[in-house]
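Secondary and tertiary structure notes
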Amino acid sequence: MNKFMTFTINNKVVRANKNTSRRLLDFLREDLNITGPKEGCGEGECGACAVIIDKKLVNSCLITLGSVEGKSITTIEGLIGTKQYEVLEKCFAEAGAVQCGFCTPGMIMAGHALLSYIPHPTEQNIREGISGNLCRCTGYNMIINAILMASKRGDGLW
Amino acid sequence: MVESIEGYLPKTINAALQILNSEDVVVYAGGTDLMVRYKNDANLLPKFDKNILYIGQIKELQTVKQNENELIIGAGCTFTSLLKEKHVPDILKETIIGIASPAIRNIGTIGGNICNASPAGDTLPVLYGLNSKCRIISEGSERIVKIKDFIYEPRRTILYKNEILESIIIPNEYFNKIYYKKVGARKASAISKLSFIGLCSVKDNNIEDLRLAFGAVGATVIRVHEAEQLLIGKNLDGLKKYIDEAVKIYENKINPIDDQRSTAKYRKKVVMNLIKYFFNIEIRK
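Predicted model only: the values in this text are computed from it and were never measured.

Structural notes on the sheet that holds strand β4 (residues 64-66) of chain B
All names here are of chain B. Strand order in the open sheet made by the five strands is β4-β5-β10-β6-β7, with antiparallel pairing throughout. Looking at the sheet topology across the chains shown, the edges are occupied by β4 and β7 (141-146). Put simply, the sheet's adjacent strands are angled 20° from each other on average, direction ignored. Taken together, the three bridges between β4 and strand β5 (residues 70-74) define a ladder with antiparallel strand orientation. In the sheet register, Gln66 faces β5, and the bridge partner there is Leu71.

Encoded structure:
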């Protein structure tokens, strides 16, 4: 067995010790200082830890490093700098979709993942797309509006 | 701290079966149930006590094949992939979309849902209702078992340590009255308080086939053949007395418990309401 594993995280190749059962979330936050994904529940119910692997939204608190050896992982930090993020950020701000901000990285990842598959979602699509993300502050409406706004303003980006 | 847990990432089923035959391991497909079960505090290793055999990357477990008589679904298919498969019956898709959330469905597998054998496992009532079978393989052998015999109590299946669930076989059958209801605290990320599946085939006003299955109201999924047989072959006109008898049988056979999610009283009341609703309204639509 190899002594190391490699992954691509936010377009950078990263090596990890053969510590295969460690949670991806912990590896990101503690070893790489990538603190966008957050631990809200540790059980895959709140979505604060959401990242994207192979275009799919996943909860990093439920994933061991060993299970994603060789894969390409994107966190909110990897999204920042793209045109899509620029639109999402602006719309989240304008729509009042951020209060305490704790759910926000997960919500933006969920929004981005949704738009990657459905560039022009209905409100129902958006509600389903963020159904795995909890927010205690906004009541969700503003977040839904933000994603709807982003799909219109960002026409052609997704 | 030196970690003593190893992870195996075999590329083929055969490689996985070889490992299973030589070592006592935890089989990890999507991991969405396991990682909750083995959860530890933040930044600590999950509490796995055996080495991990990852099977989520094995493509041979992710195929879907429609044959003349049956549909064969690889146990490693994620919920999301099944939602996109054209041959998967609509009723199974309806069940799947009620499970958890997109992020969970993207990595959780149908095989995992079955092998976890929770009384509240959401794919189970519809699989029981469709008389599904499980194909179990080990190095050098295979067997096919009805799903009702695959799970024998909460969290326990009949798998031996060197066996793996390879696929689920669903006979091609036709129903024209189908009703599914999941009762839970929320629209998403909710473990069922109870669930109901009714499958009926009505032709020329006659009930040709009828299956009812209930989730989360017993240790395993409940189907009562006695009650179904009472109504099969009967005409919709004059059905009332048979419905009343069937309802009495269900009243007797369904005995849910109180637990953290719901009460016996609520579960019983709602499941009986759903049964009556299905018989009196849904099959006549």
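That covers the picture; the talk isn't over yet.
Quick notes on the packing of aromatic side chains
As enumerated under the stated definition, the model contains 10 aromatic pairs over all chains in all. Arranged with centres 5.9 Å apart and planes meeting at 50°, the rings of Phe7 of chain A and Phe27 of chain A form a pair that is tilted. Taken as a pair, Phe7 of chain A in strand β1 (residues 4-9) and Phe27 of chain A in helix α1 (residues 24-31) lie far apart in primary sequence, 20 residues in all. Phe27 of chain A shares its class with Phe7 of chain A; the two are buried. Between Tyr28 of chain B and Phe48 of chain B the ring centres are 6.4 Å apart and the planes differ by 45°, which places this aromatic pair in the tilted class. Remark: Phe48 of chain B occurs in the loop between α2 (34-37) and β3 (51-54) and Tyr28 of chain B occurs in strand β2 (residues 25-28); sequence separation between them is 20 residues. Exposure remark for Tyr28 of chain B: the relative accessible area of 1% places this residue in the buried category. Exposure remark for Phe48 of chain B: the relative accessible area of 7% places this residue in the buried category. Pairwise contacts between aromatic rings join Tyr179, Phe196, Phe214, Tyr250, Tyr277, Phe278 and Phe279 of chain B into one cluster. Over the aromatic face of Phe4 of chain A sits the side chain of Arg15 of chain A, whose NZ or CZ is 4.1 Å from the ring centroid. Above the face of the Tyr242 of chain B ring, Lys234 of chain B is positioned so that its terminal group lies 4.7 Å from the ring centre.

Calculation notes
Residues numbered from 1 in each chain as written. Chains lettered and ligands numbered in written order. Predicted model: local features only at pLDDT ≥ 70, side-chain atom pairs only at ≥ 80, totals over all residues. Heavy atoms only, no water. Pairing = 2+ DSSP bridges. Helix = DSSP H or I, 4+ residues; strand = E, 2+ residues; numbered from the N terminus. Axes fitted to C-alpha atoms, helices over the stretch in contact; angles between N-to-C directions. Phe/Tyr/Trp six-rings, centres within 6.5 Å; stacked < 30°, edge-to-face > 60°. Buried < 20%, exposed > 50% of the residue type's maximum accessible area, 1.4 Å probe, protein only. Lys NZ or Arg CZ within 6 Å of the ring centre and 35° of its normal.

Interpretation note: all reported values are geometric properties and have no functional meaning in isolation.
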